[in-house]
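One letter stands for each residue in the lines below.
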Amino acid sequence: MAIRNMTVAAAPATRSLDADMTVDEFKEWLRRFDVDRDGRINREELRCALRAIRARFTGWRSKKGISYADADGDGYIDDSEVDGLIEYAQKSLGLKIVAY
């Protein structure tokens, strides 16, 4: 059949939800989505990160993630608030993030 000869473009590399990720790896992975390079993650940047791991309902989940982790209420996740986002990712997204 002709389908056998059809080539398919490879999907972009994404982070697997099955593998453990260290806190430093999580922070580095998250920095890739900081499009404006301001050192903070906004809702749209978090939404893109969630899409990269093929999460469902990314708009809703990004809103919940910002609400959960944003201690000062400015709408951004900065370095001091990343621990809250890690907690949210473990509880709500099933990511395995370890300290070592």
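Structure shown above.
None of these values were measured; they are calculated from a predicted model.

Cut-off values and rules
Residues numbered from 1 in each chain as written. Predicted model: local features only at pLDDT ≥ 70, side-chain atom pairs only at ≥ 80, totals over all residues. Heavy atoms only, no water. Helix = DSSP H or I, 4+ residues; strand = E, 2+ residues; numbered from the N terminus. Buried < 20%, exposed > 50% of the residue type's maximum accessible area, 1.4 Å probe, protein only. Contact = heavy atoms within 4.5 Å. Areas by Shrake-Rupley, 256 points an atom, 1.4 Å probe, with all protein chains shown as cover. Axes fitted to C-alpha atoms, helices over the stretch in contact; angles between N-to-C directions. Parallel < 35°, antiparallel > 145°, perpendicular 65-115°, else oblique. Nonpolar A, V, L, I, M, F, W, Y, C, P; charged D, E, K, R; others polar.

**Q** Please provide a residue-by-residue account of the overall build of the protein, values included.
**A** Scanning the protein from N- to C-terminus turns up 4 helices and 2 strands. Across the protein, helices and strands are ordered from the amino to the carboxyl terminus as β-α-α-α-α-β. The 100 residues of the protein split such that 35% are buried. Considering only residue pairs separated by 6 or more positions, the protein has 49% of its internal contacts joining residues 24 or more positions apart. When the accessible surface of the protein is summed, it comes to about 6,800 Å², and 53% of that surface belongs to carbon and sulfur atoms.

**Q** Give a description of the packing of helix H1 (residues 23–31) against helix H4 (residues 82–92) that names residues and reports values.
**A** Here H1 crosses H4 at 100°, and the two axes come no closer than 11 Å. On the basis of their axis angle, the class for H1 and H4 is roughly perpendicular. Contacts between H1 and H4 involve Val 23, Phe 26, Lys 27 and Leu 30 from the first element and Val 82, Leu 85, Ile 86 and Ala 89 from the second. For the contact of H1 with H4, the per-class residue count stands at 7 nonpolar, no polar and 1 charged.

**Q** Give me the lowdown on H4, citing residues and values where you can.
**A** Looking only at H4, the buried set comprises Val 82, Gly 84, Leu 85, Ile 86, Tyr 88 and Ala 89. Where H4 is buried, its residues contact H1, helix H2 (43–52), helix H3 (58–69) and strand S2 (97–98). Following H4 by one or two positions, Gly 94 has its phi on the positive side, about 75°.

**Q** Help me get a handle on the environment of Thr 22, residues and values and all.
**A** With respect to the secondary-structure elements, Thr 22 resides in strand S1 (residues 21–22). It is 5.3 Å that separates the C-alpha atoms of Thr 22 and Ile 97, two residues lying 75 residues apart in sequence. In contact with Thr 22, not counting residues within four places along its chain, are Ile 97, Val 98 and Tyr 100.

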